[in-house]
Amino acid sequence: MPPTPLNLTKTYYQLPYRWGPIDEQTQSAIAGQLDAGAGDHSLDFLTPLLDAYPNRDFFGDLASAELLRSDADWFSPQNQPNRIDTSVEPLIVHRVYQRLLDQLLSSGVLSLVSSGIPASGALLYYSDRMARCVIFEYRLVRNRGVECVPLVELRKPDRLYDMDSALRATAPEERSALKKVLMLGHKIVGHRNTFVHVDRRRDLGVAGPFLDTILLNEMAHKYIYEHMHQDEVAALQLKSVLEIGCGSGLLAAAASQNLPSITRLEAIDMSPESVLCAYRNVEANLHESVQAPLEKFFVCGAYSGQRFSDFSIVLCNPPYIPYIPEEHGRRTADAISGTSLLEAVIASVPTLLSPGGVLLMVVSDLARRELLVAVREQGVESLEVTPPEGIEVAFDQEDILRNQSWLEWLVNERELRHRAEGDGFSHVLRCYAVWRSEAQGFSDDAGTIQRLKTMRAALGT
Ligand SMILES: C[S@@+](CC[C@H](N)C(=O)[O-])C[C@H]1O[C@@H](n2cnc3c(N)ncnc32)[C@H](O)[C@@H]1O
């Protein structure tokens, strides 16, 4: 077979994912207001909605309800509410966006000050359903807190730090400002109500957060955290959380913020810099929202199923690029390659989880075989919870793109896809829920699995 022609240009992620209709309560609140003549532009109905869900910005859901056109340019001047002939859509966009600026971003950035962020810089914010990524420039201002200015909005975010799309979407006169803030040695990423900081000069072993991490956090919100407001019984059952391969700690931080009843939080990574970085980010994000006394453990080392047991929620976006079989034993695991961590985690599920506990894991179709084999061999239950087509993302691992034999093996033996001409490669991410079988003592006390199954059914087959 002739060698695969290499083209390192990237492709775009097929985002945002679609979820189907928004929840009934939101839908009827919005529909009722519009019927009652929201043409007066009061939009007061949005305030209680936004208040009730401090971890959401609603851009994804409102677009799904077709209240926002997916291409609505939400901070262009003509979408500001002082236009005379303005329609409801720009007003909704403006209200949600204003809220994002006033509350989420300011408190998010301020919470990271003690972690050593610079006095001004850039932050990437991912909205609900990953519908938009906006790059903001922030500035800490004496006596006034923080000022955030949107620099560019990416509607199809290409990768976590997508410089190319960002620069293309920016007016020529603003490009040098964008370049300046993105070149800083600090990575600040926000998703929903969680903000993490990685100092790229100090936190050398910290690879994430990746887009996989954001996807997993989105799934945890969609299936678990968003329901804690209405379902206090379920909230009380969810007592403990573990993030395996914690990297920046974004997932552990989000869990501790959005599950007010947890009493135990643990995070493990084999990279010492990651453990320190996760510790800083968890501490920064922990607000008064945590009601119960919370015990926290940050563990540095290779994951072992013997060390961890009895968790209500386990979160993991493990490395998932398999090695060519002949090279398997010769390579050591890193942040993205090798499947030994995912196999070890699945193998430990019967003791790792509490009787009603659930593991959420994002894995590429490149390692689907390893995942399904591990699930079958361990006799645990699993359910794919992303939309049936999965989330297609660019494959941009440069060391593998340069390794011709590995690349060919992934194309021929796994699900690495050639994109349209000149567009490089892509692969598909899926999120899986995994739990103990009934024979292993599973009992759905918190109703998490029932909810996962019902919501998953709404996505279609
Ligand atoms: C894809 S990254 C996870 C990124 C992370 N969620 C974040 O937000 O930064 C995978 C992580 O797993 C860690 N890892 C890989 N194998 C491991 C093992 N056997 N035990 C513990 N950590 C491991 C890596 O050091 C890396 O930080």
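Residues numbered from 1 in each chain as written. Predicted model: local features only at pLDDT ≥ 70, side-chain atom pairs only at ≥ 80, totals over all residues.

All right, on to the overall build of the chain then. A tally of regular secondary structure across the chain gives 15 helices and 14 strands. Within the chain, counting contacts between residues at least 6 apart in sequence, those at least 24 apart form 74% of the total. (Helix = DSSP H or I, 4+ residues; strand = E, 2+ residues; numbered from the N terminus. Contact = placed C-beta atoms within 7 Å.)

Our next topic: the confidence of the model for the chain. Looking at the chain, the pLDDT average stands at 81 and 77% of residues meet or exceed 70. In the predicted structure, residues 1-15 sits below a pLDDT of 50 and forms 38 contacts with residues beyond four places in sequence or in another chain. Note on residues 77-86: pLDDT is under 50 here. Beyond four places in sequence and across chains, it has twelve contacts. (pLDDT = per-residue confidence, 0-100.)

Read from one edge of the open sheet, five strands run β3-β2-β1-β4-β5, paired in mixed fashion. Each edge of the sheet is formed by a strand with only one pairing partner; in this case those strands are β3 (145-154) and β5 (194-199). The sheet shows a mean angle of 25 degrees between the axes of neighbouring strands, taken without regard to direction. Sheet topology places strand β1 (residues 120-126) next to strand β2 (residues 133-141); seven bridges connect them, and they run antiparallel. Bridge pairing links Tyr 126 to Cys 133 in β2. (Pairing = 2+ DSSP bridges. Axes fitted to C-alpha atoms, helices over the stretch in contact; angles between N-to-C directions.)

What follows is about the packing of helix α9 (residues 250-258) against helix α10 (residues 272-285). The packing of two helices is summarised by the inter-axis angle and the distance between the axes. In contact at an axis separation of 8 Å, α9 and α10 are set at 25 degrees when each is read in the N-to-C sense. Our classification of the angle between α9 and α10 gives roughly parallel. Like other packed secondary-structure pairs, α9 and α10 cross with a definite hand, here right-handed. On the side of α9, the interface is formed by Leu 250, Ala 252, Ala 253, Ser 256 and Gln 257, while α10 contributes Ala 278, Asn 281, Val 282 and Asn 285. (Parallel < 35°, antiparallel > 145°, perpendicular 65-115°, else oblique. Left-handed = near helix turned anticlockwise from the far one by under 90°.)

Here we come to unusual backbone geometry. Between Gly 208 and the following residue, Pro 209, the backbone shows a cis peptide bond with an omega angle of -5 degrees. Locating Pro 209 in the fold gives a position in the loop between β5 and α7 (211-223). Its identity as a non-glycine residue notwithstanding, Arg 192 has a phi of 50 degrees, on the positive side. Within the fold, Arg 192 resides in the loop between β4 (186-191) and β5. Residue Asp 310 is not a glycine yet carries a positive backbone phi of 70 degrees. Inspection of the secondary structure assignment puts Asp 310 in the loop between β8 (295-300) and β9 (311-316). For Asp 310, a count of 14 C-beta atoms within 10 Å translates into the label partly exposed. (Buried ≥ 20, exposed ≤ 12 C-beta atoms within 10 Å, placed from the backbone.)

Attention now moves to the site of the ligand. The ligand sits among 25 residues. The nearest are Gly 208, Pro 209, Gly 245, Gly 247 and Ser 248. Classifying every residue of the shell around the ligand gives 16 nonpolar, eight polar and one charged. (Near = placed C-beta within 6 Å. Nonpolar A, V, L, I, M, F, W, Y, C, P; charged D, E, K, R; others polar.)

Mapped onto the secondary structure, Gly 447 falls in the loop between β14 (425-435) and α15 (448-458). Sequence separation between Gly 447 and Gln 237 is 210 residues, and the spatial gap between their C-alpha atoms is 9.4 Å.

The buried fraction of β5 amounts to six of the six residues, a majority that puts the element mostly inside the structure. Both faces of β5 are covered, namely the face carrying Thr 194, Val 196 and Val 198 and the face carrying Phe 195, His 197 and Asp 199. As judged from the six bridges shared by β4 and β5, these two strands associate in the antiparallel manner. Bridging from a neighbouring strand, Gly 190 pairs with Phe 195 of β5.

Moving on, we come to the pairing of β3. It is a general feature of regular strands that their side chains alternate between the two faces of the sheet. Bridge count between β2 and β3: nine bridges; the pairing is antiparallel. Directly across from Ile 135, in β3, lies its bridge partner Val 152. In this structure, the hairpin formed by β2 and β3 is closed by a connection of three residues, where Asn 143 is found at a positive phi of approximately 65 degrees.

With respect to the secondary-structure elements, Gly 190 resides in strand β4. Sequence separation between Gly 190 and Leu 124 is 66 residues; the distance between their C-alpha atoms is 6.0 Å.

Closest axis-to-axis distance for the helix α11 (residues 340-352)/helix α12 (residues 368-378) pair is 9 Å, and the angle between their directions is 20 degrees. In terms of orientation, α11 and α12 fall into the roughly parallel class. Two packed elements cross with a definite hand, and for α11 against α12 that hand is right-handed. For the pair α11 and α12, contact is made by Leu 342, Glu 343, Ile 346, Ala 347, Val 349 and Pro 350 and by Glu 370, Leu 371, Ala 374, Val 375 and Gln 378, respectively. For the contact of α11 with α12, a count of residues per class yields eight nonpolar, one polar and two charged.

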